[in-house]
Amino acid sequence: MSALLYNKLPNPQRGRPRGTYFDIFSKEASELELVDLTCSSQLLPTMSRPKITLTKLGNSINMVDTYYGELEDGSPGGLDVAVKIGDYYRMANEALRCQSMHSLWGKTILVCHGLYGLAAVRRQLGVLILERFGLTIDCPLSSLSRMEKTVLLNHILEIHSLGKILNDLQPRNVLESSFCSGDLRLIDFASDVESDHQCPRAAHPEHETFRFKVEDAGKEEWDFPAVCREVLNIAADMQYWDDGDVCLFTFEFKVDEVPSERVMNRLFPVNWLRVFGPSVQQTLSREWFRYMQQEIQAHGLQDTLDTALDKLDAWEKEHLPRYRRKREWMFPDLMGATPYKHKDGLVKIPYKAEGSSVVPIVSDSDSSDSDHEPESQPDGSTPSA
Ligand SMILES: [Zn+2]
């Protein structure tokens, strides 16, 4: 059985360094042979003429290219898929590992729709068709919210219950359906899974299957003696037990009062770093993030992020009435997020002239921007709310 798996991809080679990738779009590689359906979901075998159109190169890591595309069989409505192309045995290995965890498909790991073989450029390539699911998370695991860390650890426990343990969990191994959704899948752990981890410490003392709850993040590592040591190590590495504090830069906040570190990172007004000293930044940040946490609880995360710049304008008018702002920036890193994406990764708030006075707040001596050198106030106070 063979199937034509792609038809066209505009400029697939653009921007690729020469010689570091497989040219599957060359003439020799017009058809992909279906070699193994034992690693597959039931989807492809039921299709009479499956065709995959690759529309975008997602990433290219360690000689494995991941494309995004659409799977069709002639009937209306295609299915979004991710297609990994790399060394055949490597892809086959990944497909087999994926198959061995098929009970977790679509919940903890991606659904695998099939493995194909492809001869191209005198190399035997493997083509792995996977469910398309979101983007890799864009921050260290330690910056995730308690809820996200809890979901992630329970995914690891699901895999652990199959006698497997992940050895080196990285952000690139985690996909999320959308920013801060908490809907996560583990990926790309082909070489990092220890497969014969027969471990009795997966269960609760009451013989129930143990799963973490969000409030467990407020406990201590040694409160979980029945949980596998390796899983506890992963939890410790992502700073799951946070002692009730969350950090941004060197500032500490109470975890219940502010958003997660990854959200605060997006909401921090970068201009404050240049204008105010650390202690003032900390005071302002605490108030600002408390306010934004209340907004998130009241209106949801997406709405709060979408209106964050307007909220900052209004908040500064109230809390920093004499703060003359030339321009404002918020931290960025908005992979997949709209609408405040900027080409340099930063977010620009247009200048609004507001009065003629300079910044009214005392600054620590390390204020770095001489253009915005604020006037000192003898009492060192911040503006009143
Ligand atoms: Zn274990």
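These numbers were taken from a predicted model, which means no experiment stands behind them. Here the residue index of a chain counts from 1 through its sequence in written order. Only residues with pLDDT of 70 or above have their local features reported here, since the model is predicted, and side-chain atom pairs are shown and tallied only from 80 upward, although totals for entire chains, interfaces and linings are computed over all residues. As a convention, hydrogens and water are excluded, and side-chain values are obtained from all of the structure's heavy atoms.

*Asks:* What am I meant to see in unusual backbone geometry here?
*Replies:* Most of the time, phi is negative for any residue but glycine, and the peptide bond is trans. The phi angle at Met63 is positive, at roughly 65°, despite the residue not being glycine. Numbering of helices and strands runs from the N terminus, with a helix taken as a DSSP run of H or I at least four residues long and a strand as a DSSP run of E at least two residues long. Residue position: Met63 is located in the loop between strand 3 (51–61) and strand 4 (64–72). Not every positive phi belongs to a glycine, and Gln239 is a case in point at roughly 55°. Tracing the backbone shows Gln239 in the loop between helix 3 (229–237) and strand 13 (245–248).

*Asks:* Help me understand the environment of Pro171 in this model?
*Replies:* If you trace the backbone, Pro171 turns up in the loop between strand 9 (165–166) and strand 10 (174–176). Each residue is placed in one exposure class: buried if its accessible area under a 1.4 Å probe, protein chains only, is under 20% of its type's maximum, exposed if it is over 50%, and partly exposed if it falls in between. Classification of Pro171 as partly exposed rests on a relative accessible area of 23%. Considered as a pair, Pro171 and Thr136 are 35 residues apart in the sequence and their alpha carbons are 6.9 Å apart. Contacts are residue-level and defined by heavy atoms, with any inter-residue pair within 4.5 Å sufficient. When neighbours within four sequence positions are excluded, Pro171 is seen to be in contact with Thr136, Ile137, Cys139, Pro140 and Leu141.

*Asks:* Mind showing me how you'd approach the pairing of strand 13 here?
*Replies:* Side-chain positions along a regular strand alternate between the two faces of the sheet. Taking every second residue as pointing to the same face, the buried face of strand 13 carries Val246 and Leu248, while none of Asp245 and Cys247 on the other face is buried. Strands qualify as paired when DSSP identifies two bridges or more between them. As judged from the 4 bridges shared by strand 13 and strand 14 (residues 251–254), these two strands associate in the antiparallel manner. Residue pairing for strand 14: Leu248 is matched across the bridge by Phe251. Hairpin remark: strand 13 followed by strand 14, antiparallel, with 2 residues in the connecting loop; positive phi at Phe249, about 55°.

*Asks:* What exactly am I supposed to notice about the sheet that holds strand 8 (residues 135–136) here?
*Replies:* The strands making up a sheet associate through hydrogen bonds between their backbones, and the pairing can be parallel or antiparallel. In space, the 3 strands of this open sheet follow the order 8-10-11, with antiparallel pairing throughout. Each edge of the sheet is formed by a strand with only one pairing partner; in this case those strands are strand 8 and strand 11 (184–186). As judged from the 3 bridges shared by strand 10 and strand 11, these two strands associate in the antiparallel manner. By the bridge assignment for strand 11, Leu175 is matched with Arg185. Angular values range over 0 to 180 degrees, each being the angle between N-to-C directions of two axes fitted as lines to C-alpha atoms, with helices fitted over their stretch in contact. Running at roughly 40° to strand 11, helix 2 (residues 146–160) makes contact with strand 10 and strand 11 of the sheet.

*Asks:* Even after reading the chapter, I still don't get the pattern of salt bridges, so can you show me in this structure?
*Replies:* Side-chain pairs of opposite charge can arise whenever the charged atoms involved come near each other. In the sections that follow, a salt bridge refers to a side-chain nitrogen of Lys or Arg positioned within 4 Å of a carboxyl oxygen of Asp or Glu. Taken as a whole and judged by the stated rule, the model has 15 salt bridges. For Lys84, the salt bridge is made with Glu94, and the minimal N-O distance between the two is 2.9 Å. Note that Lys84 is positioned in strand 5 (residues 79–87) and Glu94 in helix 1 (residues 88–100), a separation of 10 residues in sequence. Judged by relative accessible area, which is 6%, Lys84 ranks as buried. In this structure, the salt-bridge partner of Arg146 is Asp242, at a minimum N-O distance of 2.6 Å. Taken as a pair, Arg146 in helix 2 and Asp242 in the loop between helix 3 and strand 13 lie far apart in primary sequence, 96 residues in all.

*Asks:* What is the right way to read helix 6 (residues 278–299) from this model?
*Replies:* One turn of the α-helix equals 3.6 residues, which is why residues spaced by three or four share an orientation. Expected span, for any helix, means 1.5 Å times one less than how many residues it has. Helix length check: helix 6 (22 residues) gives 30 Å between terminal C-alpha atoms against 32 Å at 1.5 Å per residue, within 8%. Buried residues of helix 6: Val280, Gln281, Leu284, Ser285, Trp288, Phe289, Met292, Gln293, Glu295 and Ile296, and no others. Downstream of helix 6 by a residue or two, Gly300 has a phi angle that is positive, lying close to 90°.

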